[in-house]
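# Structural overview
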Amino acid sequence: MSAEFELCPGRKIGGSNPCFIIAEIGQNHQGDIEIAKKMIRMAKDCGADCAKFQKSEIEHRFTKHALERPYTSPHAWGPTYGAHKHHLEFSHQQYRELQQYANDIGIFFTASGMDEMAIEFLHEINVPFFKVASADTNNIPYLEKTAKKGRPMVISSGMQSMETMHCVYQTVKKHNPNFTFLQCTSAYPLPIEHVNLSLIPEFQKVFPDIPIGYSGHETGIHVSVAAVALGAKVLERHVTLDKTWKGSDHAASLEPAELAELVRAIRTVEMAMGSPIKQMLPCEASCHSKLGKSVVARKPLQKGEILTLDMLTVKVAEPQGVRPENIFKLVGKKITVNLEKDATITDAMIDG
């Protein structure tokens, strides 16, 4: 069983704890703080554990030339990539307002720090954990500085190799024991054949001392439910209020009804996982009393006879007696009573 740690105040992940569900709002708020608040409320109402955004200090994340390049995508919010990103970026004060709103309604709030200065700001406002986006997973200087802050870390693995993830593990582990890896494929929306859920147990095998989770960009909820059944202890899914809105992430996001159904399905699957101990359960008693079979006499038996296998058979009987798996233990034993054909054989009728 994977190690567990407290990801947010009072909320552990790993071990037997419930899957921690992150509603990734990202930049699907369209640059509108009121829409952002509606999305936080939606995440809370649907049962998610955390509402998450993406925080950039734009001039620290992008080069001057990257910001100046023309941006002609149908999803563009400005004529250049810089204008587009500035439109979608909330100010520090707006982040504090969103954080306070999340606190007021009772849902955890954090963000992916998309550059080192963003991490500094998120640390300043005391987010419960840092999310490392796939684009920064191999950014070793960033990882070291982030790990040294001492907050738990949730690290996506999109666009990385297992060799790189070993390096990430060693880098973070030196400074911070509380982190988790998320299996992730960075495509929006993600073709099902490239989900690679089999990497969840592989990650569990390679990194047995940390919880493993899943960040999904596929459409629908079935794959994400399967990820939890495979042992994902953190699940991240993008969410939206309307998949038809402008923005490249909306198509791979869950609308409110889908998010609510996902949460219900995950909690149902977690309950269904139950116990690894195989035994007859109290809920099976009624079925067993009606259909459970016992050893009975194949023919009339006389008191004192030594039992042979051809004297015995297995049937549904009333009352119940020796369980069928014990039939061979009766061979060579003495019967202590007279029995008619089809009579139940009980332990009390056997000598020795």
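Going by the annotation in an unreviewed UniProt entry, the name recorded for the chain is N-acetylneuraminate-9-phosphate synthase, with Carassius auratus given as the source organism. Comment text from UniProt for the chain, heading Catalytic activity (unreviewed entry), reads "aldehydo-N-acetyl-D-mannosamine 6-phosphate + phosphoenolpyruvate + H2O = N-acetylneuraminate 9-phosphate + phosphate".

Moving on: the overall build of the chain. Summing up its helical and strand segments, the chain has 13 helices and 14 strands in all. Relative to a compact globule of 352 residues, whose C-alpha radius of gyration would be 20 Å, the chain shows 29 Å and is clearly more extended. Structurally, the chain occupies a C-alpha span of about 100 × 40 × 40 Å along its principal axes. Across the 352 residues that make up the chain, the buried fraction comes to 47%. Across the chain, every contact between residues at least 6 apart in sequence was considered, and the portion connecting residues at least 24 apart equals 64%. For the chain, the exposed area adds up to about 16,800 Å²; of that, 55% sits on carbon and sulfur atoms. Side chains of the chain carry 39 positive and 40 negative charges; the gap between the two charge centres is 5 Å.

The next subject is the packing of helix α7 (residues 140-147) against helix α8 (residues 162-173). Contact geometry of α7 with α8 gives a least axis separation of 9 Å together with a crossing angle of 35 degrees. Taken as a pair, α7 and α8 cross one another with a handedness that is right-handed. Contacts between α7 and α8 involve Ile140, Leu143, Glu144 and Ala147 on the former and, on the latter, Cys167, Val168, Thr171 and Val172. The class makeup of the residues in the contact of α7 with α8 is six nonpolar, one polar and one charged.

Attention now goes to the UniProt feature "domain: AFP-like" (unreviewed entry) in the chain. According to UniProt, the positions carrying the feature "domain: AFP-like" (unreviewed entry) are residues 294-352. Secondary structure over residues 294-352 splits into 7% helix and 22% strand, and the C-alpha atoms at its two ends are 19 Å apart.

Attention now goes to α7. Taken residue by residue, α7 has Tyr142, Leu143, Thr146 and Ala147 as its buried positions. End-on view of α7: buried residues confined to an arc of 125 degrees, all on one side of the axis. Contacts made by the buried residues of α7 are with β5 (108-113), α6 (116-124), β6 (130-132), β7 (153-156) and α8.

What counts, and where the lines are drawn
- Residues numbered from 1 in each chain as written.
- Predicted model: local features only at pLDDT ≥ 70, side-chain atom pairs only at ≥ 80, totals over all residues.
- Heavy atoms only, no water.
- UniProt positions renumbered as here; feature names shortened; annotations may be inferred.
- Helix = DSSP H or I, 4+ residues; strand = E, 2+ residues; numbered from the N terminus.
- Rg over C-alpha atoms; globule rule 2.2 N^0.38 Å.
- Buried < 20%, exposed > 50% of the residue type's maximum accessible area, 1.4 Å probe, protein only.
- Contact = heavy atoms within 4.5 Å.
- Areas by Shrake-Rupley, 256 points an atom, 1.4 Å probe, with all protein chains shown as cover.
- Lys, Arg positive; Asp, Glu negative; His and termini not counted.
- Charge placed at Lys NZ, Arg CZ, Asp CG, Glu CD.
- Axes fitted to C-alpha atoms, helices over the stretch in contact; angles between N-to-C directions.
- Left-handed = near helix turned anticlockwise from the far one by under 90°.
- Nonpolar A, V, L, I, M, F, W, Y, C, P; charged D, E, K, R; others polar.
- Arc of directions from axis to C-beta.

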